[in-house]
Amino acid sequence: MAEKLNANVADFIKAPLQHYIGGKWMPSGDGAVDQVINPSDGKVICQVGMASAHEVDAAVNAAHEAFPAWAGTPANQRSVLLHRLADSIEKHAGDLAQLESLDVGKAIVNSEAFDIPFGVEGIRYFADLAVHTHYDIPLAVKHMEARTHRVPYGACGFIFPWNFPYDLLVWGIMPALAAGNTVVIKPSEVTPLSTLFVCKLAAEAGFPAGVINVINGTGSKAGAMLTSHPLIKRMSFTGSPPVGKLIGETCGRNLVPCKLELGGKGAAVIFDDVDVHATAQQLAAAITLNTGQVCCTATRWIIHEKIHDQLLSEAAAILKATRIGPALDRNTQMGPLVSKAQQERVNRYIENGRKQGAAVVLEPQSPRIAGHEGGYYVSPSLLAGSSDNVCCREEIFGPSAFALKFSDEDAAIRQVNSLSYGLANSVWSRDLKRANRVAERLIAGNSWINAHNVFAYGLPYGGTNLSGMGGGVNSPETFHDYLRSQTIARPLG
Ligand code: NAD
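Parameters and conventions
Residues numbered from 1 in each chain as written. Predicted model: local features only at pLDDT ≥ 70, side-chain atom pairs only at ≥ 80, totals over all residues. Heavy atoms only, no water. Pairing = 2+ DSSP bridges. Helix = DSSP H or I, 4+ residues; strand = E, 2+ residues; numbered from the N terminus. Axes fitted to C-alpha atoms, helices over the stretch in contact; angles between N-to-C directions. Buried < 20%, exposed > 50% of the residue type's maximum accessible area, 1.4 Å probe, protein only. Near = heavy atom within 4 Å. Polar contact = N/O pair within 3.5 Å; in protein donor to acceptor, adjacent residues only side chain to side chain. Areas by Shrake-Rupley, 256 points an atom, 1.4 Å probe, with all protein chains shown as cover. Nonpolar A, V, L, I, M, F, W, Y, C, P; charged D, E, K, R; others polar.

Observations regarding the sheet that holds strand 18 (residues 446-449)
Next, step 1: Across the sheet, seven strands lie side by side as 14-15-16-13-12-17-18; this open sheet has mixed pairing. Among the strands making up the open sheet, the edge pair consists of strand 14 (359-362) and strand 18. The sheet shows a mean angle of 25° between the axes of neighbouring strands, direction not considered.
Next, step 2: Across four bridges, the pairing between strand 12 (residues 266-270) and strand 17 (residues 424-428) is parallel. Bridge pairing in strand 17 places Val269 opposite Val427.

Structure representation (structure tokens):
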């Protein structure tokens, strides 16, 4: 049974949600609002204001004005504030988990066990990096006293998608804030709740007005205005490749540095020496995580011919037993997709894949959940067939995998590398020498061995080619991406 909302959560979503600008909650000047929908039942959760040019401009100006004081705040004081925010999130972890599950549709047990604590760890990671970084590096130049001085950029813009709103927010803005930048955030219009709640906690933790600003709105309006605002000194975008290209074009025209974390079509190459049952379990878990709405997950299973049929039949049995239900039900393993549009997209892909000749190893169903009939549920599916099938080539973003057979290692590698995506792949084998050899040859930002969806702070995560550019997230380099270099030199004598 779905659990009741915590009092703090019920209270937070009672009134229409607003923009957070210069330390104040502000409605849209033109009164525009949209509805936030609960994907578990299709009903309205609350209203949210939609930004016009006025709010976008006010938010960027607030960030611009707050910048000098924040940049001039000693790193250890910024770090204390970040830790205070992490403490507050820990205290409100139950509230945030509910908000994230309510909004995205992800199983509450996952929000509680993974999303929220992992974000807290991320805030502390960047808070600590800020105090352990050398901001001045002496340069050995003859006849000069010279150094490189590292300084923040200014007001940074962030645009996020809807699949991990809270974790992506942390991965994105915390290194920028820790480094002394101020931020303007546009969360996905589909899932603004956790971002706004974190903002409220940040204000309570004592972040100065204007350091963190949030504008709600659509991508084509608020997102585009934020990207092209002349006071934005750095942009970071997480989302789909087509929108990433638009953002890259705008930033290119304005000569604003930009970081793009984009979509993927991850592959898992599975050799015939694996424990078939254990591997089937892990792959099934990978494609049902967040109802398959994970940019890096294992959506192409490239399986050695000797174990192909056995692995697929074991995976199908495991997937069939997935407990599908409303996000706030503690028994739910896999919640609904995030929206009706996403449900239609997943169903359309599978239908097109079938029309193009894919064999359906596990038939998708449209589960009906009593009391939640309006929810956007789909069940996991497994397809197999030819590598030119649309379901094998394009990002579906749902709980579905496409299986291919291989017998030759080089052919499997060619298959993985045949797409323009380059986010994450995995290699599965007991032979670690082989696994490492293959992992190095897969063209992507991340190659994992005997696991998929591997995340840790200190482990850089980012994509190449169609999957992104500009540095990635979660590592010391991410922190340094938000500092620019300035050389300071004095000729001697
Ligand atoms: P999307 O590209 O449609 O939207 C992402 C964000 O961009 C939203 O906030 C949206 O409002 C905004 N936007 C849309 N048009 C815009 C425009 N013209 N100008 C400025 N902003 C605009 O993506 P989505 O459907 O929200 O998310 C799914 C995609 O995100 C998938 O491709 C997924 O793989 C990718 N993703 C990548 C990563 C990563 O780390 N590489 C992580 C999560 C999701």
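Considering the environment of Met174
Next, step 1: Positionally, Met174 belongs in helix 6 (residues 165-178).
Next, step 2: Take Met174: its relative accessible area is 1%, and that puts it in the buried class.
Next, step 3: Taking C-alpha positions, Met174 is 6.0 Å from Ile123, a pair spaced 51 residues apart along the chain.

So, the site of the ligand
Next, step 1: Surveying the vicinity of the ligand reveals 29 residues, the closest of which are Phe160, Glu189, Ser240, Leu262 and Glu395.
Next, step 2: Here an oxygen atom of the ligand and a backbone polar atom of Phe160 are 2.7 Å apart.
Next, step 3: The separation between an oxygen atom of the ligand and a polar side-chain atom of Glu395 is 2.6 Å.
Next, step 4: Against a free-state accessible area of 840 Å², the protein chains account for coverage of 87% of the ligand.
Next, step 5: Among the elements of the structure, helix 8 (219-228), strand 10 (234-238) and helix 9 (241-254) are those that each provide at least two residues to the shell around the ligand.
Next, step 6: When its residues are assigned to classes, the shell around the ligand shows 16 nonpolar, nine polar and four charged.

Details of the pairing of strand 17
Next, step 1: In terms of residue burial, strand 17 counts as a mostly covered element, since five of its five residues are buried.
Next, step 2: When strand 17 meets strand 18, the two strands line up parallel, connected through four bridges. The residue bridging Ser426 from the neighbouring strand is Trp448, located in strand 18.

Any link to function would need more than the numbers given here.
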